[in-house]
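Structure at a glance
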Amino acid sequence: MAEPLIYELSVPGREGAKPPQLDVPPAELPVDLLREELPLPEASEVDVVRHFTRLSHLNYSLDEGMYPLGSCTMKYNPKVNEVAARMPGFTGLHPLQSEETVQGALYLMYHLQEAIQKIGGFAGVTLQPAAGAHGELTGVLIMQKYHLDRGETQRDTILVPDSAHGTNPASTNMCGLRTVQVPSDERGNVDLDALQSLVGEHVVGLMLTNPNTLGLFDENLEEIIALVHGCGGLVYGDGANMSALLGVMRPGEAGIDVMHFNLHKTFSTPHGGGGPGSGPVGVVERLVDFLPGPVVAQDAELSDDEAPYFTFVTPPKSIGPVKSFWGHFGVLARAHTYIRMLGDEGMKRVAEHAVLNANYLLSRIKDVYPLPYDRICMHEFVVAGHFAEAPGVRALDIAKRLIDYGLHPPTNYFPLIVHEALMMEPTETESQQSIDAYADILLKIAEEARTHPEVLHDAPHHTPVRRLDEVRAARQPVLRYRREA
Ligand SMILES: *Cc1c(COP(=O)(O)O)cnc(C)c1O
């Protein structure tokens, strides 16, 4: 049953707003701008409050329940982050203000750069990119410029494993480079023989997601990095999902040359619905000069022991700015708060619990949901939403049925290399109780698939719109309300 629209609640003459007493001379309204036929809704305050509150309840959110959307890392967003991001000293700033009047903001940016540098084991960081994919574009541009600077103009290819996020080949394309896909082996690692046959003097680098989108830590990481470095290429790390590595492993020290971080995943900024996000990029020493400018630096001359002074500097061989002004500052403030609240020990506990929670959920369902790569997982895992005893049931049916139980479905049909993929990431912020409740429902749905699969095919049953034509909804969205004639 569709919710009534505010227009349909309209009652002629009903009103909810009282304009204040007129304290200026009355004037005629510009009649040519007034439109009699404009069907504005007429509603009381309580009508409007109830209408929009009811609508807000249709939207599932993290503050309501578990959101195990693999690869998207929907962890709980601590409210203290919001307090920090909304401090008037931050929200009142203007991006054109002069450096000496925004020292507090620069302090925060400088220390966030330092924190990300330390977490990743890198020598420099840019906070400019507005999202993960934007970070990838930035990173690939840096790799490209590094090779051009060395006169290696023949390098035109980026190697991308077949389990990679779709943004990896897209970023490569946007830089005018060629993508060559690297297959995975039967354990879900990068196929080393295939990689060996693909490296060469034409390679700009490899884009590696580790743990990969199967939730698996590549068992041959050292060999992979050696092969790519051996041909003069660089290794890009897709660090969108860092929850499993925080405080446990520093990718820069393992040989990853450049990597983006998603502040809106790993570092707990709310996301979904289109942003804003933030995708800082960390680089090792040999790439620092190519970072987009400006970055925040401490000015040695103007600083003293009591008061450090911060300034913007542009690295000497910079690829140039990748974003107007200084990045999405509100997201930076949230991430900074998150990192400072946790501290080093807390960060490590995030990683331990992210991995523990994922393995716990996996262990609860793996006898029922087929597991294509039967290994200990990292912060997420992928099972098949398909049962031999219920051949008509697909991952999509399972995802839709979860909605009937008031739960958010996992990611489905990604990564592409798993048939009927269901990709689950409970995150470290879920309790054993909430993971158990989710597992119980997954097992119940698997049972329904065997006994009465039709309830799965028809699901969801209680939502205002039922099974959508999702492709058409995305390509031809009807965004405007049309009154019945
Ligand atoms: C989310 C994600 C990205 C892209 O990040 P956006 O902020 O959505 O652009 C890239 N790679 C992986 C593995 C991701 O999960």
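Since the structure is predicted, the reported quantities are computational estimates derived from the model, not experimental observations. (Residues numbered from 1 in each chain as written. Predicted model: local features only at pLDDT ≥ 70, side-chain atom pairs only at ≥ 80, totals over all residues. Heavy atoms only, no water.)

**Brief notes about the overall build of the protein**
- Counting its secondary structure elements, the protein contains 14 helices and 12 strands.
- Here the C-alpha radius of gyration of the protein, 26 Å, is about what a compact globule of 485 residues would show, namely 23 Å.
- Principal axes of the C-alpha set define a box for the protein whose edges measure 75 × 70 × 45 Å.
- When burial is assessed residue by residue, the protein has 50% of its 485 residues classed as buried.
- A sequence separation of at least 24 residues applies to 72% of the contacts in the protein between residues at least 6 apart.
- Surface accessibility of the protein: about 24,200 Å² in total, with carbon and sulfur atoms responsible for 55%. (Helix = DSSP H or I, 4+ residues; strand = E, 2+ residues; numbered from the N terminus. Rg over C-alpha atoms; globule rule 2.2 N^0.38 Å. Buried < 20%, exposed > 50% of the residue type's maximum accessible area, 1.4 Å probe, protein only. Contact = heavy atoms within 4.5 Å. Areas by Shrake-Rupley, 256 points an atom, 1.4 Å probe, with all protein chains shown as cover.)

**Remarks on the site of the ligand**
- Lining the immediate surroundings of the ligand are 13 residues, of which Ser71, Gly132, Asp238, His264 and Lys265 lie closest.
- With respect to the ligand, the side chain of serine 71 contributes an N or O atom lying 2.7 Å from an oxygen atom.
- Interatomic distance of 3.4 Å between a side-chain N/O atom of asparagine 241 and an oxygen atom of the ligand.
- In isolation the ligand offers 380 Å² of accessible surface; the protein chains occlude 86% of this area.
- It is helix 5 (residues 132-149) that contributes the most residues to the shell around the ligand, three residues altogether. (Near = heavy atom within 4 Å. Polar contact = N/O pair within 3.5 Å; in protein donor to acceptor, adjacent residues only side chain to side chain.)

**Concerning the packing of helix 10 (residues 329-365) against helix 12 (residues 432-451)**
- Following both chains from N to C, one finds helix 10 and helix 12 inclined at 30 degrees, their axes separated by 9 Å at the closest point. With respect to helix 12, the element helix 10 is oriented roughly parallel. Helix 12 is crossed by helix 10, and the crossing has right-handed handedness. The residues of helix 12 that touch helix 10, namely those facing Asn357, Tyr360, Leu361, Arg364 and Ile365, are Gln432, Ile435, Asp436, Ala439, Asp440, Leu442 and Leu443.
- Of the residues belonging to the contact of helix 10 with helix 12, the class tally is seven nonpolar, two polar and three charged. (Axes fitted to C-alpha atoms, helices over the stretch in contact; angles between N-to-C directions. Parallel < 35°, antiparallel > 145°, perpendicular 65-115°, else oblique. Left-handed = near helix turned anticlockwise from the far one by under 90°. Nonpolar A, V, L, I, M, F, W, Y, C, P; charged D, E, K, R; others polar.)

**So, the pattern of salt bridges**
- Using the criterion set out here, one finds 26 salt bridges in the structure.
- Between glutamate 152 and arginine 155 there is a salt bridge, with the nearest N and O atoms lying 2.5 Å from each other.
- On the accessibility criterion, glutamate 152 (19% relative accessible area) is buried.
- A residue is classified by how much of its surface remains accessible, and arginine 155, at 9% relative accessible area, is buried.
- Residue aspartate 436 pairs with arginine 364 through a salt bridge whose shortest N-O separation is 2.7 Å. Taken together, the positions of aspartate 436 in helix 12 and arginine 364 in helix 10 put the pair 72 residues apart, joining distant regions of the chain.
- Accessibility expressed as a relative area gives 25% for arginine 364, which makes it partly exposed.
- Three or more residues are tied together by salt bridges with common partners; here these are Glu82, Arg86 and Arg334. (Salt bridge = Lys/Arg side-chain N within 4 Å of Asp/Glu carboxyl O.)

**With respect to the domain arrangement of the protein**
- For the protein, the assigned domains read domain 1 (1-24 + 44-59), domain 2 (79-341) and domain 3 (351-473).
- Centre-to-centre separation of domain 1 and domain 2, based on C-alpha positions: 45 Å. (Domains from an automatic or database assignment.)

**Overview of the packing of aromatic side chains**
- Per the counting criterion, the structure on display carries 10 aromatic pairs.
- For the ring pair phenylalanine 90 and phenylalanine 329, a centre distance of 5.0 Å and an interplane angle of 65 degrees mean the geometry is edge-to-face. Within this pair, whereas phenylalanine 90 is found in helix 3 (residues 88-91), its partner phenylalanine 329 is found in helix 10, the two being separated by 239 residues in sequence.
- Residue classification places phenylalanine 90 among the buried residues on the basis of a relative accessible area of 18%.
- Since its relative accessible area comes to 19%, phenylalanine 329 is described here as buried.
- Centre to centre, the rings of phenylalanine 267 and tyrosine 338 are 6.4 Å apart; their planes meet at 85 degrees, and the pair counts as edge-to-face. (Phe/Tyr/Trp six-rings, centres within 6.5 Å; stacked < 30°, edge-to-face > 60°.)

**As for the sheet that holds strand 6 (residues 258-261)**
- Taken in spatial order, the seven strands line up as 1-7-6-5-4-2-3 in an open sheet, and their pairing is mixed. Strands with a single pairing partner mark the edges of an open sheet, and in this sheet they are strand 1 (124-126) and strand 3 (178-182). When strand polarity is set aside, the average angle formed by the axes of neighbouring strands in this sheet is 25 degrees.
- Along the sheet, helix 6 (residues 167-174) makes contact with strand 2 (157-161), strand 3, strand 4 (203-208) and strand 5 (234-239), crossing strand 2 at roughly 175 degrees. (Pairing = 2+ DSSP bridges.)

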